[in-house]
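So you can see what is in the structure, the chains are spelled out below.
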Amino acid sequence: GNVIHNQKLSKFVENMNDKVEKILILLPIARKEEIYNEIQEKFGDRFYVTYSTEFVVEISSKLYSKASAVKYFAEKYNIPMNKALCIGDSLNDEPMLTDTGLGICVKNADEKLLNNDKILNFPYTNEENAVGKIIKKSVI
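Residues numbered from 1 in each chain as written. Predicted model: local features only at pLDDT ≥ 70, side-chain atom pairs only at ≥ 80, totals over all residues. Heavy atoms only, no water.

A. Fine view of the pairing of strand β1 (residues 22–26). What you see with β1 is a clean split: Ile23 and Ile25 sit on the buried side and Lys22, Leu24 and Leu26 on the side with no burial. Summarising the sheet, β1 and strand β3 (residues 56–61) pair through 5 bridges and their orientation is antiparallel. Bridge pairing links leucine 24 to glutamate 58 in β3. (Buried < 20%, exposed > 50% of the residue type's maximum accessible area, 1.4 Å probe, protein only. Helix = DSSP H or I, 4+ residues; strand = E, 2+ residues; numbered from the N terminus. Pairing = 2+ DSSP bridges.)

This is the structure:
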């Protein structure tokens, strides 16, 4: 059956066009992938559909992502994007990790990031201070 039963949400998204900043949908963990796929199929042509945690699906404007934020700061501080290093663990980090010079995902990252050939896998998790270890390796 159709996953999006709440017509109010679907009508809300359909009527937003490109004005939406971000919609977070909290849902049962067991249904995240199913709901993400359906929302992606229904709205992915007009909106950026992704997810962050085990129970959150995100819908936002295609104009903005974590990658656009990194680009903004790179330009502001005159850093070429191919010199930027980004670290992530969730699917919503993917644009940022693939659009920079070096995108690294931690050991406990989402499977889609771990299997992306453009993203380097790091052998430590968030809980094992992966970010600190990456920074230390990058600076030395």
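B. Region of the structure containing the sheet that holds strand β2 (residues 47–51). In spatial order, the strands read β1-β3-β2; together these 3 strands make up an open sheet with antiparallel pairing. Among the strands making up the open sheet, the edge pair consists of β1 and β2. Pairwise comparison of adjacent strand axes, ignoring direction, gives a mean angle of 15° for this sheet. Contacts from helix α2 (residues 32–43) reach β1, β2 and β3, with the element oriented near 170° to β2. (Axes fitted to C-alpha atoms, helices over the stretch in contact; angles between N-to-C directions. Contact = heavy atoms within 4.5 Å.)

C. Region of the structure containing the nonpolar core. Core analysis: the biggest nonpolar cluster contains 14 residues, and Leu97, Cys105 and Leu113 have the highest contact counts within it. For this core, the elements supplying multiple residues, two or more each, are α4 (94–98), β5 (102–105) and α6 (130–139). Tyr36, Val49, Val57 and Ile59 belong to the second largest nonpolar core, which has 13 residues in total. (Core = buried A, V, L, I, M, F, W, Y, C linked by side-chain atoms within 4.5 Å.)

D. Layout of the packing of aromatic side chains. Taken as a whole, this structure holds 5 aromatic pairs when the rule is applied. Taking the centre distance of 6.5 Å and the plane angle of 70° together, the rings of phenylalanine 43 and phenylalanine 47 count as edge-to-face. There is no split in this pair, since phenylalanine 43 and phenylalanine 47 are both buried. Ring geometry for phenylalanine 122 versus tyrosine 124: centroids 5.6 Å apart, planes at 50°, classification tilted. Given the relative accessible area of 10%, phenylalanine 122 is considered buried. (Phe/Tyr/Trp six-rings, centres within 6.5 Å; stacked < 30°, edge-to-face > 60°.)

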